[in-house]
Amino acid sequence: METTDAFIGLTCVDCGETFDAETATHRCPDCDGILDPDYDYDRVELTPETLDSRPDGSMWRYAELLPFPAETAVSLGEGATPLVECPALADAMGVGRVLLKDEGANPTGTFKDRGQAAAMTAAREHGASEVALNSAGNAGQAAAAYAARADLAAHVFLPSRAGFTQKAMTEVHGADLTVTDPIDGNSQIGDAGTAYAEAMDDHPEWYSTKTFVTPYRHEGKKTMALELLAQLDWEAPDAVVYPTGGGVGLVGMHKAAREARDLGWTDELVPMYAAQAAGCAPVVDAYESGAERHEPLDDDEVDTACNGIAIPDPGASHLILKAIRESDGGAVATTDREILDAAIDVARAEGLEVGATCAAAVSGAFALAESGEFGPDDTVVLLNTGAGNKDVDALRAHLGEREAEAGE
């Protein structure tokens, strides 16, 4: 494998053992825990001043803090997404500034591109010829695109409730798509996971790019925090509100914030807030109860139209909760109506297109502000993890309902 100078291997977050990245490809060989890329930070020859002299380009601008150098990356130009001022939202929320980090500007329209770029690079470095994962939708589309870029065959398993755009583009990129059959109504992410696991048993040669199975998805997504801090001149905001399902991006961003602080680039950690839909909020429930891990929900307990965060059993909730607490953040759940209203309100107040799922960050931020969590001088960053046109049917249907109610 061709790796960066500082990358020293993969450390298990559960048992603490470190392994050679050439031989340990996915979960911990000793305890099946989650592996995390590890670095000798004394070898990181990178400073904010050096970064200031580089063009934005892509997330590979931060390659010294990634496992792979830019020249070997499987890349479509992901990253370098805008951080947009939202003065109307700041006024309505009663805070000093609201900024929206718009991940909808990525090549396939979501932040999943960052994770798949890193994971697909690892797959190619390990000599894989076929990759596989299950997904709620967007990660499957991103995997299909990046597999095409890397000239790898892809096998994608999606629930029937995944959006038409994600299903269609997965096939357009040439991936082998399996949409799991609904049992009672729409099939869920768990059904897609079961189908994926059965296929992996039949095809052990397939290389997984599934979240927290590959060590590299969260590592690619940590670049969101590095970009955000650079865009704020290395001043940590008072809050980042993140729409949370599996929480991969939140965990990655917290890692990057720790790295930036420990390298002396920032003085403080970035407070991370997990925003979920009330109809599927296992992380919020665990946070409010003081638990270290979530209690899984049954699929039939999921009651939300927000497909991307309808994750009843997030496999790394202990890492999400640790990141929230360590960063002095929090967690909040809002209703589907509040979330969909927020997406429409942002489009009309600021002109920005926020995905229906992603608008949980917006409605969550308003709920946090109303509870007194944010002050009048605070800078609040909203993570829009995907483009509005990913969920256009849900947004248009909700708008029609709103207009009908208003006309009564």
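Residues numbered from 1 in each chain as written. Predicted model: local features only at pLDDT ≥ 70, side-chain atom pairs only at ≥ 80, totals over all residues. Heavy atoms only, no water.

(A) Here's a closer look at the overall build of the chain. Of regular secondary structure, the chain possesses 14 helices and 13 strands. Whereas a compact globule of 408 residues would reach a radius of gyration of roughly 22 Å, the chain reaches 20 Å, a difference of no more than 12%. Expressed along its principal axes, the backbone C-alpha trace of the chain runs to roughly 65 × 50 × 40 Å. Expressed as a percentage of its 408 residues, the buried residues of the chain come to 60%. (Helix = DSSP H or I, 4+ residues; strand = E, 2+ residues; numbered from the N terminus. Rg over C-alpha atoms; globule rule 2.2 N^0.38 Å. Buried < 20%, exposed > 50% of the residue type's maximum accessible area, 1.4 Å probe, protein only.)

(B) Summary view of the pattern of salt bridges. Throughout the structure, instances matching the rule amount to 19 salt bridges. Notably, a salt bridge pairs R114 with E103, separated by 2.7 Å at the nearest N-O pair. Here R114, found in helix α3 (residues 112–125), pairs with E103, found in the loop between β5 (97–102) and α3; they are 11 residues apart in sequence, far enough to count as distant. This pair shows no difference in class: R114 is buried, exactly as E103 is. With a shortest N-O distance of 2.9 Å, K222 and E259 are connected by a salt bridge. Residue K222 is located in the loop between α7 (217–221) and α8 (223–231), and its partner E259 is located in helix α9 (residues 248–262); the two are separated by 37 residues in the primary sequence. For the pair shown, K222 and E259 are each scored as buried. In this structure, a network of salt bridges that share partners links the residues D36, E219, K222, K255 and E259. (Salt bridge = Lys/Arg side-chain N within 4 Å of Asp/Glu carboxyl O.)

(C) Helix α4 (residues 138–150), seen in detail. Taking 1.5 Å of rise per residue, 13 residues should cover 18 Å, and α4 covers 18 Å from first to last C-alpha, within 8% of that figure. By the criterion of burial, α4 is predominantly enclosed, with 11 of the 13 residues buried. Along α4, the residues that are buried comprise N138, A139, G140, Q141, A142, A143, A144, A145, Y146, A147 and A150. The elements touched by buried residues of α4 are α3, β6 (130–134), β7 (153–159), α5 (164–172) and α7. (Expected span 1.5 Å × (residues − 1). Contact = heavy atoms within 4.5 Å.)

(D) How the structure looks around the sheet that holds strand β1 (residues 7–12). Reading across the sheet, the three strands line up as β2-β1-β3 and stay open at both edges, with antiparallel pairing between neighbours. In this open sheet, the two strands that pair with only one neighbour each are β2 (18–19) and β3 (35–39). Sheet topology note: the β1/β3 ladder contains five bridges and is antiparallel. Across the sheet, residue C12 finds its bridge partner in β3, namely L35. (Pairing = 2+ DSSP bridges.)

(E) Inspection of the sheet that holds β6 at higher detail. Here four strands make up an open sheet; going across it, the order is β8-β7-β6-β9 and the pairing parallel. Either end of the sheet is taken by a strand with one partner, and the two such strands are β8 (176–180) and β9 (207–208). Here β7 pairs with β8 via five bridges, running parallel. In the sheet register, F157 faces β8, and the bridge partner there is T178.

(F) Molecular detail of the environment of C306. By the element assignment, C306 lies in the loop between α10 (282–289) and α11 (317–326). The class for C306 is buried, based on a relative accessible area of 2%. Considering only alpha carbons, one finds C306 and A394, 88 residues apart in sequence, at a separation of 8.8 Å. Once residues within four sequence positions are removed from consideration, C306 is found in contact with R161, D336, I339, A356 and T357.

(G) View of a negative patch on the surface. Together, E49, D52, D233, E235, D238, D267, E268 and D377 make up a negatively charged patch on the protein surface. A relative accessible area of 72% places D267 in the exposed class. (Patch = residues over 30% accessible without salt bridge, like charges linked within 9 Å, V, L, I, M, F, W, Y side chains within 5 Å. Areas by Shrake-Rupley, 256 points an atom, 1.4 Å probe, with all protein chains shown as cover. Lys, Arg positive; Asp, Glu negative; His and termini not counted. Charge placed at Lys NZ, Arg CZ, Asp CG, Glu CD.)

(H) Broad picture of the packing of aromatic side chains. Inspection of the entire model under this criterion finds seven aromatic pairs. Ring geometry for Y273 and F374: centres 5.5 Å apart, planes at 85 degrees, overall edge-to-face. Of this pair, Y273 sits in strand β11 (residues 272–277) while F374 sits in the loop between α13 (360–370) and β13 (379–384), and the two are 101 residues apart along the sequence. A single burial state applies to Y273 and to F374, both of which are buried. By way of ring pairs, the aromatic residues F7, Y39 and Y41 are connected into one cluster. (Phe/Tyr/Trp six-rings, centres within 6.5 Å; stacked < 30°, edge-to-face > 60°.)

(I) Here's a closer look at unusual backbone geometry. Although it is not a glycine, D32 adopts a positive phi angle of roughly 65 degrees. With respect to the helices and strands, D32 occurs in the loop between β2 and β3. Although it is not a glycine, D233 sits at a positive phi angle of roughly 55 degrees. Relative to the helices and strands, D233 resides in the loop between α8 and β10 (239–243). A relative accessible area of 65% means that D233 is categorised as exposed.

(J) Quick look at the state of the cysteines. Inspection of every chain in the model, using the stated rule, returns zero disulfides. Of all cysteine sulfurs, the one in C15 lies closest to C28, which takes part in no disulfide; the gap is 3.7 Å. Cysteine C306 is unpaired, with the sulfur of C358 as its nearest cysteine sulfur at 9.1 Å. (Disulfide = S-S within 2.5 Å.)

(K) Focus on α11. Along α11, seven of the 10 residues are buried, which leaves the element largely enclosed by surrounding structure. Among the residues of α11, S317, H318, L319, I320, L321, A323 and I324 are the ones counted as buried. In this structure, the buried side of α11 is in contact with α9, β11, α10 and β12 (330–334). Just past α11, the residue D328 takes up positive phi, approximately 60 degrees.

(L) Highlighting the pairing of β7. Counting buried residues in β7 gives six out of seven residues, a clear majority hidden from the surface. Taken together, the five bridges between β6 and β7 define a ladder with parallel strand orientation. Across the sheet, the residue bridging to E130 is A153, located in β7. Following the chain from β6 across α4 to the adjacent parallel β7, one finds a crossover that is right-handed. (Right-handed = clockwise from strand over helix to strand, strands pointing away.)

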